[in-house]
Amino acid sequence: FSFIVRHLRPVRPLAISRWPTKALALDMASSVFVLFAMGLWIPIAGGIDNGLGLKPPMGWRSWNLYDCMSPERIITDERMRAAMHAVLDTSRSLSGKAANLKDLGFDEISMDDGWQQCNCSTRQDEDPTLPTCSVGSYMNTCICMEAGREPTHYEQDVAWFLSMGFDGVKIDSCGNARNVTAWAQLFNESGKHVRIENCHNGVPDPSTGFCPMNFYRTWGDIQPSFDNILGGAYSLLTYTDRADPLSTPGCWAYPDMMEIGNFNGADPQRYNEEQSHFGLWIITSSALILSFNMTDVEVMDRVWPIITNEEAIAVNQDWAGRPGTLVKAYPAVGAPSFQIGHGSCGAGAGVQGWKLRNGSLLAPGSTEHAMLCVDGGNPLPEEPSISCPPPTTRSGQVNCGLPIRNCSTVPGLWKYNATSGLVMWRSTPDSEPQCLIALPQELTQISHVTAQDLLATKRSVKVGALRVGDGERRQSATGLIKCRVPETQAPSGTVFNLTDSGELFSEFAHACLSTAPMNGVELWSKPLSGGKVAALLLNVLSMPQSLSLPLRDVPGLEGADRCSIRDLWGHRDAFAHAGRLDVTLTAHASALYVFSCTHGFAAQLV
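Source: prediction; values computed, not measured.

Participant: Any chance you could explain the state of the cysteines here in plain terms?
Facilitator: Among covalent bonds in proteins, the disulfide is the one between the sulfur atoms of two cysteines. Counted according to the given criterion, the structure contains six disulfides. Sulfur-sulfur distance for the disulfide between C142 and C174 comes to 1.8 Å. The chirality of the disulfide connecting C142 with C174 is right-handed, given an S-S dihedral of about 65 degrees. Taken together, the residues C142 in the loop between β5 (136-139) and α5 (154-164) and C174 in the loop between β6 (168-171) and α6 (180-189) connect sequence positions 32 residues apart. For C142, a relative accessible area of 24% translates into the label partly exposed. The partly exposed category is assigned to C174, whose relative accessible area is 28%. For C563, the disulfide goes to C597, at an S-S distance of 1.9 Å. Between C563 and C597 the sulfur-sulfur dihedral comes to about 110 degrees; the bridge is accordingly right-handed. Pair noted here: C563 is in strand β30 (residues 560-567) and C597 is in strand β33 (residues 590-599), with a separation of 34 residues, a long-range link. Judged by its relative accessible area of 9%, C563 falls in the buried class. In this structure C199 is not part of a disulfide, and its nearest cysteine sulfur, from C142, lies 7.0 Å away.

What follows is the structure, given as structure tokens:
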């Protein structure tokens, strides 16, 4: 932005379009786009004193639709106006009454990158313009960045922002104006309270809780795919699954804006994935920022039942001391129900009995009538955390690896080189080999997470590692990577010793490979006010799963004797029997419940 002011001012780069009538401008500003503190002011220790973001923010952002990289994606005044009118549209109903998104809380419309006229592959005849009502802006941009040794222009940028009447800002990390504290101080000194989103410019200081923003990103740029959404949710655990959460009123962690409305594929799986996406953002107290074409009638009709679920939104906006987080993953049922894991050597079943026969890697427990083979055709992605649920406070040991299936369905050829210790898989005899690799990871501390540019200085500040919780945590993954031969170049995690008893020992992992249950349904939960508890059950697999949930597994329900259960997706009551709630979920589907229980001496839950 500052680059534009200094170099393009003669061509009026910041031309601003006014509303057609003053009355319409005032109406829109007062009814939609004025950002306000939702609820009574609660002092936030160590945070910015702007009174905003006391509940997870809600709204709409342009990035998933518009930038300036092609004509059809240019941000224009017309397109921003269309989004503004879309949140006011009352042509649809909710509970038998006309409703709109603004009344549900989606009351901020924000532009993202691409509003500037510079460095765009498609040159614009005029700069995209925004009305002067209260909308969200975007600074420290990526498309028109000031980087390297370019001077910063905090004061000039803030002055322009205030002159425009914006009430919210997303501060990106591509330019060199990355000191979020400097931004926050300038906004506060102006007397105008501005809601600040921090995009990858550091995190709250874990030692003091200092947080110069109202919400901050924990994930890369989101994509409309189930694995990416799940990875985004996992990225929150460093900040939420802690004795002292770093996601609290006025300082919320969230992965990124939502992709609901942008998924491809066919229903019902597309609907399941988008509803599960909404459920994950709901249960984790994440900001609910829409980013789809709200003017597309067909798309809006499809996602309307998801994004207007008032009972679910109430869970997201509720605060009872902690954000929601992942509790545990349950073993999968059905085929494939096993994967490669890490176990203790000499443990017998599941560890001893690996065999290579006719190009197949046979798993322990295989018989002549039930041959089980490792499937190299479905390796882990480069980021194992996307497929692996992280270990949690209540479930500290996690295994993730290649699936084990009926040999008749498994492609490719396996080979063990006793000299190099490499276990190799080829999809065809002539293809390049992939090597089996064991990837243990101790997660007692996350050492690579740092807080940058958080203090009131214009330099980077690095703080210590973020503790992720009490107790040992271990995430063990087994996958395939490109082989490196000769042996001297092979990563140590790819070297195995196949013993006479059929153990595949990895010195790097200090473990033997074993068969392990596949991870199936996940339990996420969040405490609610009034002693209630919300729980999300999520099927992460592309096949149906059934679970008989022990209610004692839900944090807060351990000593309950009677519970009323509300099914938020079905808008109906649910019932448990003998302390268990039976749930069946299709591929990538979820169920969201609120439990209201009494605690006493009775052992029966109804």
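Participant: Which parts of the structure should I look at to understand the packing of aromatic side chains?
Facilitator: Two numbers describe a pair of aromatic rings. These are the distance of the centres and the angle of the planes. Throughout the structure, instances matching the rule amount to ten aromatic pairs. Ring centres 5.6 Å apart and planes at 55 degrees place the aromatic pair W160 and F166 in the tilted group. In this structure, R92 is placed above the aromatic ring of W304, and the distance from its NZ or CZ to the ring centre is 5.9 Å.

Participant: Got a minute to help me understand the sheet that holds β33 in this structure?
Facilitator: Two modes of strand pairing occur in sheets, parallel and antiparallel, and in both the strands are linked by backbone hydrogen bonds. The six strands lie next to each other as β11-β27-β28-β33-β30-β31, forming an open sheet whose pairing is antiparallel. In the strand order of this sheet, the two ends are held by β11 (325-331) and β31 (572-574), each with one partner. Within the sheet, the average angular offset between the axes of one strand and its neighbour, ignoring direction, is 30 degrees. Pairing geometry for β30 and β33, over seven bridges, is antiparallel. Bridge pairing links A560 to H599 in β33. The sheet strands contacting helix α7 (residues 226-234) are β11, β27 (519-527) and β28 (533-539), and the helix crosses β27 at an angle near 45 degrees. Helix α9 (residues 269-283) rests against β11, β27, β28 and β33 of the sheet, and its axis sits at about 145 degrees to β28.

Participant: Which parts of the structure should I look at to understand the packing of α9 against helix α10 (residues 297-307)?
Facilitator: Between two packed helices, what matters for the description is the angle formed by their axes and the separation of those axes. Look at α9 against α10: their axes get within 10 Å of each other, and the N-to-C directions meet at 40 degrees. Comparing their axes, α10 and α9 come out oblique. Between α9 and α10 the crossing geometry is right-handed. Within the contact between the two elements, α9 uses R270, Y271, E274, Q275 and F278 and α10 uses R302, V303, P305, I306 and I307. Along the lines of polarity and charge, the residues of the contact of α9 with α10 split into six nonpolar, one polar and three charged.

Participant: Honestly, the pattern of salt bridges in this entry has me stumped. Any pointers?
Facilitator: Side chains that differ in sign of charge can pair as their charged atoms come close. Evaluation of the coordinates by the stated rule reveals 23 salt bridges. Put simply, R81 and D77 hold a salt bridge, and the shortest N to O gap is 2.4 Å. Residue R81 and its partner D77 are located together in helix α3 (residues 77-88), separated by four residues, close to a single helical turn. By relative accessible area, which is 15% here, R81 ends up buried. In this structure, R394 and E558 form a salt bridge, with 3.2 Å as the shortest nitrogen-oxygen distance. Highlighted residues: R394 in the loop between α12 (384-387) and β16 (397-401) and E558 in the loop between β29 (545-550) and β30, separated in sequence by 164 residues. Residues joined in a network through salt bridges with shared partners are R61, D112, K170 and E197.

Participant: What am I meant to see in the confidence of the model for the protein chain here?
Facilitator: It should be kept in mind that the predicted coordinates are not to be read in detail where pLDDT is low. For the protein chain, per-residue confidence averages 80 on the pLDDT scale, and 80% of positions sit at 70 or higher. When mean pLDDT is taken per element in the protein chain, helix α11 (residues 310-317) scores highest with 98 and helix α1 (residues 2-8) scores lowest with 24. A low-confidence stretch, residues 1-45 stays under pLDDT 50, and its non-local contacts, those more than four residues away or across chains, total 95 contacts. This model gives residues 380-386 a pLDDT under 50, and the stretch forms 17 contacts once residues within four places in sequence are excluded.

Participant: It is not clear to me how the environment of G396 should be interpreted in this structure. Could you clarify?
Facilitator: Relative to the helices and strands, G396 is located in the loop between α12 and β16. By relative accessible area, which is 18% here, G396 ends up buried. Placed 79 residues apart in sequence, G396 and Q475 show a C-alpha to C-alpha distance of 8.2 Å.

Participant: Looking at this model, I keep getting lost on the nonpolar core. Mind explaining?
Facilitator: One broad rule of soluble globular proteins: the nonpolar side chains tend to lie buried together. In this structure, L101, I196, F278, M294 and W524 are the most contacted members of the largest nonpolar core, which totals 96 residues. The element best represented in this core is α10, accounting for six residues. Apart from the residues within four sequence positions on either side, L101 is in contact with V87, F106, L290, M294, M300, W304, I307 and T308. One finds Y330, A560, A574 and A576 within the second-largest nonpolar core, a separate group that totals 25 residues.

Participant: Can you walk me through the pairing of strand β26 (residues 511-517) in this structure?
Facilitator: The two faces of the sheet receive side chains in turn, since in a regular strand these alternate between them. Counted residue by residue, β26 has five buried out of seven residues, so it is predominantly covered. Examined bridge by bridge, strand β12 (residues 338-343) and β26 share six bridges and lie antiparallel to one another. Residue F338 lies in a different strand from β26, and its bridge partner there is P517. Strand direction decides the pairing type here: strand β25 (residues 504-506) and β26, joined by two bridges, are antiparallel.

Rules and cut-offs
Residues numbered from 1 in each chain as written. Predicted model: local features only at pLDDT ≥ 70, side-chain atom pairs only at ≥ 80, totals over all residues. Heavy atoms only, no water. Disulfide = S-S within 2.5 Å. Helix = DSSP H or I, 4+ residues; strand = E, 2+ residues; numbered from the N terminus. Buried < 20%, exposed > 50% of the residue type's maximum accessible area, 1.4 Å probe, protein only. Phe/Tyr/Trp six-rings, centres within 6.5 Å; stacked < 30°, edge-to-face > 60°. Lys NZ or Arg CZ within 6 Å of the ring centre and 35° of its normal. Pairing = 2+ DSSP bridges. Axes fitted to C-alpha atoms, helices over the stretch in contact; angles between N-to-C directions. Contact = heavy atoms within 4.5 Å. Parallel < 35°, antiparallel > 145°, perpendicular 65-115°, else oblique. Left-handed = near helix turned anticlockwise from the far one by under 90°. Nonpolar A, V, L, I, M, F, W, Y, C, P; charged D, E, K, R; others polar. Salt bridge = Lys/Arg side-chain N within 4 Å of Asp/Glu carboxyl O. pLDDT = per-residue confidence, 0-100. Core = buried A, V, L, I, M, F, W, Y, C linked by side-chain atoms within 4.5 Å.

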